[in-house]
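Analysis of the macromolecular model
One letter stands for each residue in the lines below.
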Amino acid sequence: MPTDDRPEYDVVIVGAGLAGLYMLHRVRGLGLSVRVYEAGDGVGGTWYWNRYPGARCDVPSLEYSYSFDPQLEQEWEWSERYATQPEILRYIEHVADRYDLRRDITLGTRVESVIRDDEANRWAVTTDAGEEVWATFVITAAGCLSAPKPPEIGGLDSFAGTLVSTSAWPADGVDLAGKRVGVIGTGSSGIQSIPLIAEQAASLTVFQRTPNYSLPAHNAPLDPAVQRDWKARYREHRAAVLQARTGILVERGTRSALEVDPDERSARYAQCWDSGLFACIPASYTDIITDLDANETAAEFVRGRIREIVRDPDVAEALTPRGYPFGTKRICLDTGYYDTFNQEHVTLVDLRRTPLVAVTPEGVQTTEEEFGLDVLVLATGFDAVTGPLLRMDIRGRDGVHLRDAWAGGPHSYLGLQVAGFPNLFTITGPGSPSVVSNVVVSIEQHVDWIAECLRYLREHGVAAIEPDADAEAAWAQHVHDVAAATLYPQAPSWFVGANVPGKPRVFMPYLGGVPAYRQKCAEVVEAGYEGFVLHRPAVHA
Ligand code: NA7
């Protein structure tokens, strides 16, 4: 525990990505003292770290942006339909400068522990730089996909070439020209980077364990007329976004996929394929994500497209996803991914057929062959949603560790707070739409909700807030029930923690949709923070 001469803040925010920056802006507006700690040497969070070639957003730029200030919307010009990582990072840096946010942010500093002092109703926060401060409120803005998953691959340390990870790509790049490059992992990060790595490398070997469903992004320069229209009617567009289930504008079908003629259905899927919107096929019929037969029609359409693009039928088959429903792992958007495998210097290694044995000094050894490499790229994913929280030592009332509280899987009321952890807020925590929505939309809603909550607590003399354990359990059950009514739990995805050995299998994000979730959060407030316990003035249990 820090001694009492340590700095004391009203609020400490963990992370300076899209969530942390807007939270800082709102907290300042309340006149509270605040410090933000950010592990990166710059702001941006996900968009600071993931600098791999081809890193780009798969939500349209005009929708993947803050809505809180109409002037910001008007002055920022997006150059592409789907912004690249450098452009999004420039946008985030612009926001940090425009609102003079940097003076309250400590960069290059990771929060290591957040430990509750029950007597004093405050949190002791310590960092890897040895800083120790007190905070009345701690707000995590640590992201959902920011804790890289341990790759669980033997021999990595022995590799004599250059080992690099997509989630921590060096800012000054990696020289791939003329090199023999290997990529392990074919999720979104692998799928986005593989075509660009192939352009530079002398040879590229892709080590694939599970094929993903990937759709073409049809990215292009943003049509100035479209941008002008959005700027002229931004409020209208934003209002429409808030009505969309995923917080992304997409036409939603009203019929079952099994009700329509197969030709009509294929034509609809083809339209979606051409639209470049990953949410289009799942939304095209009412039952794509709930009925296996309906889902199979979409899955088979995508498989057919892969067979059309990839010339070698064996490679096409190896790239073809089977065994889990379409859309139940995060759908990828790509630019030329499948076509990359038509190139002479690109090899696909199917790890289901010939499993990876180990990384060796020379390259990658499978059960069949050793592949010599100069550069090995890990695109092996993240310990999603809970990983960024649990890698901190968070201890709530009576010293209870969050890790222990969540040993059987995360439970949280609305993804905002955890019982037994008063005055700790989690932006896009488990049980909120977070990663199954346009995350900027979800971030802004959480930040606004938390800011209004802080105002309420102050105005009503409330010392601390935390969920009622029953309300939290009921919400966790609801999150589970909504997911169980879909096909999502059938896939071994990071949504359920299946990519991390030993992680409890719990469907973490809330699938009920952005509008329903927003309504629930508003109703809770209207009912006087229903489901929360307001401690006034003392917090002792
Ligand atoms: P993902 O989607 O979790 O993909 C990780 C990939 O790495 C996936 O293909 C994994 O195969 C593969 N992987 C992981 N560990 C191994 C080992 N040990 N051996 C072989 N292959 C492995 O992460 P991304 O970074 O691509 O994308 C995450 C999200 O960021 C994405 O969904 C978007 O929302 C943005 P597996 O499927 O486990 O067989």
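Refer to the preceding data block for the structure.
Residues numbered from 1 in each chain as written. Predicted model: local features only at pLDDT ≥ 70, side-chain atom pairs only at ≥ 80, totals over all residues. Heavy atoms only, no water.

Focus on the packing of aromatic side chains
For any pair of aromatic rings, geometry is given as the distance between the ring centres together with the angle between the planes. What counts is decided by this rule: Pairing of aromatic side chains here covers Phe, Tyr and the six-membered ring of Trp, requires ring centres within 6.5 Å, and sorts the geometry by plane angle: under 30 degrees stacked, over 60 edge-to-face, intermediate tilted. Helix numbering and strand numbering both begin at the N terminus, where a helix is a DSSP run of H or I of at least 4 residues and a strand a DSSP run of E of at least 2. Relative accessible area decides the class of each residue, using a 1.4 Å probe on protein chains only: under 20% of the type maximum gives buried, over 50% gives exposed, and in between gives partly exposed. The rule is short: NZ of Lys or CZ of Arg within 6 Å of the ring centre and within 35 degrees of the ring normal puts a charge over the ring.
Here the structure, examined in full by the defined rule, presents 32 aromatic pairs. Both rings, one in Tyr269 and one in Tyr285, keep their centres 5.9 Å apart while their planes meet at 85°; by these two values the pair is edge-to-face. Within this pair, whereas Tyr269 is found in helix H8 (residues 262–275), its partner Tyr285 is found in the loop between helix H9 (280–284) and helix H10 (292–309), the two being separated by 16 residues in sequence. Like Tyr269, the residue Tyr285 is buried in the burial classification. Seen in terms of ring centroids, Trp449 and Tyr529 are 5.5 Å apart; in terms of plane orientation they differ by 75°. Their pairing is edge-to-face. Pair noted here: Trp449 is in helix H15 (residues 439–459) and Tyr529 is in the loop between helix H17 (514–526) and strand E20 (532–535), with a separation of 80 residues, a long-range link. Tyr529 shares its class with Trp449; the two are buried. In this structure an aromatic cluster arises from ring pairing among Tyr22, Tyr66, Phe68, Trp76, Trp78, Tyr91 and Tyr99. Taking the ring centre of Tyr48 as reference, the NZ or CZ of Arg51 above it sits at 4.7 Å. The ring centre of Tyr324 lies 5.3 Å from the NZ or CZ of Lys329, which sits over that ring.

Observations concerning the environment of Leu376
Let me state the cut-off plainly: The contact rule is simple, with two residues in contact once any of their heavy atoms fall within 4.5 Å.
Along the chain, the position of Leu376 falls in strand E16 (residues 375–378). Leu376 sits 222 residues away from Gly154 along the chain, and the two C-alpha atoms are 14 Å apart. Aside from chain neighbours lying at most four places away, what touches Leu376 is Leu156, Phe159, Thr162, Leu163, Val164, Gly182, Ile184, Val359 and Val364.

Structural notes on the side chain of Asn499
Threshold: Here a polar contact means two N or O atoms within 3.5 Å. Within protein one must be a hydrogen donor candidate and the other an acceptor candidate, and residues neighboring in sequence count only if both atoms are side-chain atoms.
Considering the arrangement of structural elements, one finds Asn499 in the loop between helix H16 (469–484) and H17. By relative accessible area, Asn499 is classed as buried at 18%. A distance of 2.8 Å separates a polar atom in the side chain of Asn499 from the backbone oxygen of Phe382. Beyond its immediate stretch of four places on either side in the chain, Asn499 contacts Lys149, Glu152, Phe382, Ser493 and Trp494.

Some points on the site of the ligand
We count it as follows: Working definition: residue near molecule or strand if any one of its non-hydrogen atoms lies within 4 Å of it. Using the Shrake-Rupley algorithm and a 1.4 Å probe, accessible areas are obtained, with residue cover drawn only from the displayed protein chains. For this classification, Asp, Glu, Lys and Arg are treated as charged, while Ala, Val, Leu, Ile, Met, Phe, Trp, Tyr, Cys and Pro are nonpolar and the rest, including Gly, are polar.
If you check the shell around the ligand, you find 21 residues, and the closest are Lys149, Pro151, Ser189, Arg209 and Thr210. The separation between an oxygen atom of the ligand and a polar side-chain atom of Ser189 is 2.6 Å. At a separation of 2.9 Å, an oxygen atom of the ligand approaches a polar side-chain atom of Arg209. Relative to its unbound accessible surface of 770 Å², the ligand loses 87% to contact with the protein. Broken down by class, the residue content of the shell around the ligand amounts to eight nonpolar, eight polar and five charged.

Quick notes on the state of the cysteines
Condition: The definition used for a disulfide is geometric: two cysteine sulfur atoms within 2.5 Å.
One pass over the structure, following the stated rule, counts one disulfide. No disulfide involves Cys144; its nearest neighbouring cysteine sulfur is the one of Cys57, lying 14 Å away. Classification of Cys144 by relative accessible area gives buried; the value is 7%. No disulfide involves Cys521; its sulfur sits 11 Å from that of Cys453, the nearest cysteine.

Notes on the pattern of salt bridges
Formally: A pairing counts as a salt bridge when a side-chain nitrogen of Lys or Arg comes within 4 Å of a carboxyl oxygen of Asp or Glu.
Counting across every chain of the model gives 33 salt bridges. Of the charged contacts, one joins Glu452 and Arg455 as a salt bridge, the two residues approaching to 3.1 Å between their closest N and O atoms. Taken together, the residues span about one helical turn, with Glu452 and Arg455 both in helix H15 at a distance of three residues. On the accessibility criterion, Glu452 (34% relative accessible area) is partly exposed. Judged by relative accessible area, Arg455 falls into the partly exposed class, the value being 29%. A single salt-bridge network, built from bridges that share partners, covers Arg26, Asp448, Glu452 and Arg455.

Here's the deal with the environment of Ala407
Looking at the secondary structure, you find Ala407 in the loop between helix H14 (402–405) and strand E18 (424–426). By relative accessible area, Ala407 is classed as exposed at 55%. For the pair Ala407 and Ser214, spaced 193 residues apart in the sequence, the C-alpha separation amounts to 33 Å.

Observations concerning H15
Applied cut-off: Expected helix span is computed as 1.5 Å times (number of residues minus one).
Taking 1.5 Å per residue, 21 residues should reach 30 Å; H15 reaches 30 Å between its end C-alpha atoms and fits that length. Positive backbone phi, approximately 60°, marks Gly461, located one or two places after H15.

A short note on the pairing of strand E1 (residues 8–14)
Defined as follows: Should DSSP find at least two bridges between two strands, the strands are taken to pair. Orient the strands so they point away from the viewer; a crossover is then right-handed if the path from the first strand over the helix to the second runs clockwise.
When you tally the buried positions in E1, you get five out of seven residues, the bulk of the element. In this structure, E1 lies alongside strand E6 (residues 132–140), joined through six bridges in parallel fashion. Note that in E6 the partner of Tyr9 across the bridge is Ala135. Taken together, E1, helix H1 (residues 18–29) and strand E2 (residues 34–37) form a β-α-β motif whose crossover is right-handed.

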